[in-house]
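Reading the structure
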Amino acid sequence: MSSPTSTPLEGIEVDSNNLYLEEVFTDLKVATLRRLSPVKADGSPDGTRPILFHAQTQLMSQMGPLPVNCEIEASNLEEAMQKYPQAIAEAIERMVEEAKEMQRQEASRIIVPGAAPLGGKIKLS
C-alpha cells in the first residue's frame, strides 16, 4: 500500500490498478491480521500481484493504547499467524528505537539564548 499524499479534493480518484479485497481475522484478544487480496477493477482475483498480510495490535502505555502495525511476509494465513509474534516484536523494537532517536535529537538541540521556545513566541515588555 502506498503512503497517503496531499491531493486536492478535485484530484481524488480510485487507482483501479491497485485494488485489494480486505479481510480481517482476529483472536478477539490481542491479534488482528488483515489479508489484502489483489483484485481487478471488476472484483475478480488478480493473480499477477501477491497477497499482502498486515499485523495489528495495541500496547497499553501511560498515554493510553498505542497501535502497532506491520507487514508480514507470508504466502498464506497460517504462515502469517506463525510469523505474527515475531513481526509484532520487531515492530515494537523499531518503535522504541525511533522514540530513543527522537529523544537523542531533542536532547542534542542547541538552545540559543533569547530564542523562542518550541512553538512559542517571546513576549518583550
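Above: the structure in question.
Considering the overall build of the protein
A count of helices and strands for the protein gives one helix and four strands. Along the protein, helices and strands appear, N-terminal first, in the series β-β-β-β-α. When each of the 125 residues of the protein is scored for burial, the buried share is 20%. Accessible area for the protein stands at about 10,200 Å²; split by element, carbon and sulfur atoms hold 57% of it.

Thoughts on the side chain of Asp46
Mapped onto the fold, Asp46 is located in the loop between β2 (32-39) and β3 (52-61). Classification of Asp46 as buried rests on a relative accessible area of 12%. A polar side-chain atom of Asp46 sits 2.9 Å from a polar atom in the side chain of Arg49. Residues within four places of Asp46 in sequence aside, it is in contact with Pro38, Val39 and Lys40.

Considerations on the packing of aromatic side chains
Applying the stated rule across the entire model yields zero aromatic pairs. One cation-aromatic arrangement involves Arg49 over Tyr20; the distance from NZ or CZ to the ring centre is 4.8 Å.

Topic: the side chain of Thr32
Of note, Thr32 is situated in strand β2. Not counting residues up to four positions away in its chain, the partners in contact with Thr32 are Val24, Phe25, Thr26, His54, Ala55, Gln56 and Tyr84.

Quick notes on unusual backbone geometry
Phi angles above zero are rare outside glycine, and Leu28 is one such case at about 60°. Tracing the chain through its elements places Leu28 in the loop between β1 (19-26) and β2. According to the relative accessible area criterion, Leu28 is exposed, its value standing at 77%.

Regarding helix α1 (residues 77-107)
With 31 residues, α1 ought to run about 45 Å at 1.5 Å a step, and its terminal C-alpha atoms sit 43 Å apart, in line with that. The axis of α1 is deflected most strongly, by about 45°, at Lys83, and proline Pro85 appears within four residues downstream. Of all the positions in α1, only Ala80, Tyr84, Ala87, Ile88 and Ala91 are classed as buried. In this structure, the buried residues of α1 make contact with β2, β3 and β4 (64-72). Looking at where α1 begins, the residue whose side-chain oxygen comes 3.2 Å from the main-chain nitrogen of Glu78 is Asn76.

Some details on the sheet that holds β3
The four strands lie next to each other as β1-β2-β3-β4, forming an open sheet whose pairing is antiparallel. In this open sheet, the two edge strands, each paired with only one partner strand, are β1 and β4. Going across the sheet, the axis of each strand differs from the next one's by a mean of 25°, ignoring polarity. The pairing of β1 with β2 spans eight bridges and is antiparallel. The residue of β2 that forms the bridge with Glu23 is Arg35.

Criteria and thresholds
Residues numbered from 1 in each chain as written. Predicted model: local features only at pLDDT ≥ 70, side-chain atom pairs only at ≥ 80, totals over all residues. Heavy atoms only, no water. Helix = DSSP H or I, 4+ residues; strand = E, 2+ residues; numbered from the N terminus. Buried < 20%, exposed > 50% of the residue type's maximum accessible area, 1.4 Å probe, protein only. Areas by Shrake-Rupley, 256 points an atom, 1.4 Å probe, with all protein chains shown as cover. Polar contact = N/O pair within 3.5 Å; in protein donor to acceptor, adjacent residues only side chain to side chain. Contact = heavy atoms within 4.5 Å. Phe/Tyr/Trp six-rings, centres within 6.5 Å; stacked < 30°, edge-to-face > 60°. Lys NZ or Arg CZ within 6 Å of the ring centre and 35° of its normal. Expected span 1.5 Å × (residues − 1). Bend = angle between axes of the 7 residues up to and from the residue. Pairing = 2+ DSSP bridges. Axes fitted to C-alpha atoms, helices over the stretch in contact; angles between N-to-C directions.

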